[in-house]
Amino acid sequence: MNGATTRDDGFLGGRLVLRQPARGYRAGTDAVMLAAACPARPGERVLELGCGAGVALFCLGARVPGVALTGLERQEELAALARHNVAATGIAARIVTGDLAQMPAALRAESFDHVIANPPFFASGTRAPDAARAAARHEDTALESWIDAGLRRLRPGGGLTLIHRAEALDRILVALAGRAGAVSLLPLAARQGHDAGRVIVTARKGARGGLRLHAPFVLHARPAHERDCEDLSAAARAVLRDGAAIVAGAEREREVSGDSGAETCCTDSIDP
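Residues numbered from 1 in each chain as written. Predicted model: local features only at pLDDT ≥ 70, side-chain atom pairs only at ≥ 80, totals over all residues. Heavy atoms only, no water.

**Details of the overall build of the protein chain**
No. 1: In terms of helices and strands, the protein chain carries nine helices and eleven strands.
No. 2: Taken over 272 residues, the protein chain has a buried fraction of 51%.
No. 3: Contacts in the protein chain between residues far apart in sequence, at least 24 positions, make up 67% of those at least 6 positions apart.
No. 4: Carbon and sulfur atoms make up 50% of the accessible area of the protein chain, which amounts to about 12500 Å² in all. (Helix = DSSP H or I, 4+ residues; strand = E, 2+ residues; numbered from the N terminus. Buried < 20%, exposed > 50% of the residue type's maximum accessible area, 1.4 Å probe, protein only. Contact = heavy atoms within 4.5 Å. Areas by Shrake-Rupley, 256 points an atom, 1.4 Å probe, with all protein chains shown as cover.)

**A word on the layout of surface pockets**
No. 1: For the second largest pocket, the calculated volume is near 510 Å³.
No. 2: Around the second largest pocket sit 26 residues that line it, and Ala37, Pro39, Ser184, Thr202 and His214 are the ones nearest its centre.
No. 3: Elements with a minimum of two residues in the lining of the second largest pocket: α1 (29-37), β7 (154-165), β8 (180-191) and β9 (196-205).
No. 4: Across the lining of the second largest pocket, the residue classes tally to 13 nonpolar, seven polar and six charged. (1 Å grid on protein atoms, 1.4 Å probe; cavity = no way out; pocket = protein on both sides within 12 Å on 5 of 7 lines; lining within 4 Å. Points joined across faces, edges and corners; volume = space filled by probe spheres on them. Nonpolar A, V, L, I, M, F, W, Y, C, P; charged D, E, K, R; others polar.)

**What about empty space enclosed by the protein?**
No. 1: Applying the stated criterion across every chain, the model contains four cavities of 30 Å³ or more.
No. 2: Of the voids in this model, the largest cavity is the one considered here, and its volume is about 440 Å³.
No. 3: Surrounding the largest cavity, 30 residues form its lining, Gly50, Cys51, Gly52, Glu73 and Trp146 being those nearest its centre.
No. 4: Taken together, the elements giving at least two residues each to the lining of the largest cavity come down to β2 (16-21), α2 (55-63), β4 (68-73) and α5 (131-137).
No. 5: Here the lining of the largest cavity is built from residues that sort into 15 nonpolar, nine polar and six charged.

**Digging into the packing of aromatic side chains**
No. 1: For the structure shown, the criterion picks out zero aromatic pairs.
No. 2: Looking at arginine 45, its charged tip hangs above the ring of phenylalanine 112, at a distance of 4.5 Å from the centre. (Phe/Tyr/Trp six-rings, centres within 6.5 Å; stacked < 30°, edge-to-face > 60°. Lys NZ or Arg CZ within 6 Å of the ring centre and 35° of its normal.)

**Some thoughts on the side chain of asparagine 85**
No. 1: You can see asparagine 85 is positioned in helix α3 (residues 76-89).
No. 2: At 2.8 Å, the side chain of asparagine 85 and the backbone nitrogen of arginine 19 are in polar contact.
No. 3: Filtering out sequence-adjacent residues up to four positions away, asparagine 85 remains in contact with Leu18, Arg19, Ala53, Phe58 and Gly90. (Polar contact = N/O pair within 3.5 Å; in protein donor to acceptor, adjacent residues only side chain to side chain.)

**Regarding the confidence of the model for the protein chain**
No. 1: A residue-level look at the protein chain finds 81% of positions with pLDDT of 70 or above and a mean pLDDT of 86.
No. 2: Low pLDDT (under 50) marks residues 124-128, which in the prediction has ten contacts with non-local residues, meaning those over four places away or in another chain.
No. 3: Confidence drops under pLDDT 50 across residues 249-272; counting only partners more than four residues distant or on other chains, this segment forms 49 contacts. (pLDDT = per-residue confidence, 0-100.)

**Structural notes on the environment of glycine 71**
No. 1: Tracing the sequence through the fold places glycine 71 in strand β4.
No. 2: Measuring from C-alpha to C-alpha, the distance between glycine 71 and cysteine 51 comes to 5.3 Å, with 20 residues separating the pair along the chain.
No. 3: With near-sequence residues (within four places) excluded, glycine 71 lies in contact with Glu48, Cys51, Leu57, Arg94, Ile95 and Val96.

**A word on the pattern of salt bridges**
No. 1: All chains considered together, the criterion is met by 14 salt bridges.
No. 2: Note that glutamate 76 and arginine 83 form a salt bridge whose closest N and O atoms lie 3.3 Å from each other.
No. 3: Glutamate 144 serves as the salt-bridge partner of arginine 171, at 2.8 Å between the closest nitrogen and oxygen. Of this pair, arginine 171 sits in helix α7 (residues 169-176) while glutamate 144 sits in helix α6 (residues 143-153), and the two are 27 residues apart along the sequence.
No. 4: Since its relative accessible area comes to 26%, arginine 171 is described here as partly exposed.
No. 5: For glutamate 144, a relative accessible area of 32% gives the class partly exposed.
No. 6: Each of Arg7, Asp9 and Arg26 takes part in a single network of salt bridges with overlapping partners. (Salt bridge = Lys/Arg side-chain N within 4 Å of Asp/Glu carboxyl O.)

This is how it looks when you write it as structure tokens:
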């Protein structure tokens, strides 16, 4: 892709500038939240399924220096952008072109400490006219196959982290049953009192721990959108602008106590 078909987008308060397609699907808030939810530590190995231009990978690499990053991407144009972003950011990552439904032999021979994924959200409905956007948003490969591929690539006890629509939670839990435990569910709500539109699911391969449902993570501080100005909650601002890890439940409340989430204006859009 050349400059006419790509654009440079800022993430983490502008600390990361990543090249993405100018039209069609571009990663945004969901990718940043996915990266923030992955509990990787320096020296651990992380694989992202369907990495696109690498937004989640590079946000994770910016937060956790020394993590070994690998991205698998089916679309060659997006894989090429991810490789550009490796050079542009200086964050080391290996980008493999291939389909998770036909896992490349090199990856089949490896195991990882963490697998992360933001699978396509829609199993049916009208497809976007842009082919790349349609591929990123519609299930050409079933959600259950994404989960199966992720679990197969994990070492025993390794962690799977997914972000998806809240409506898909039943499918996710069925796909994890008997294969992963210690499941943690973090609902993401656009505003206080609103239903969760997204859910972040973490689980450990082969673990036997029970399920934990956290209090919702609220993205916006105001009860309604009132003007063209960002109104992130304190917790969301820490993640999306400062590159912090997601902290769930009571721990999150302690971290942001005393901060009411005062407004900050900028041009970035937040997709709930």
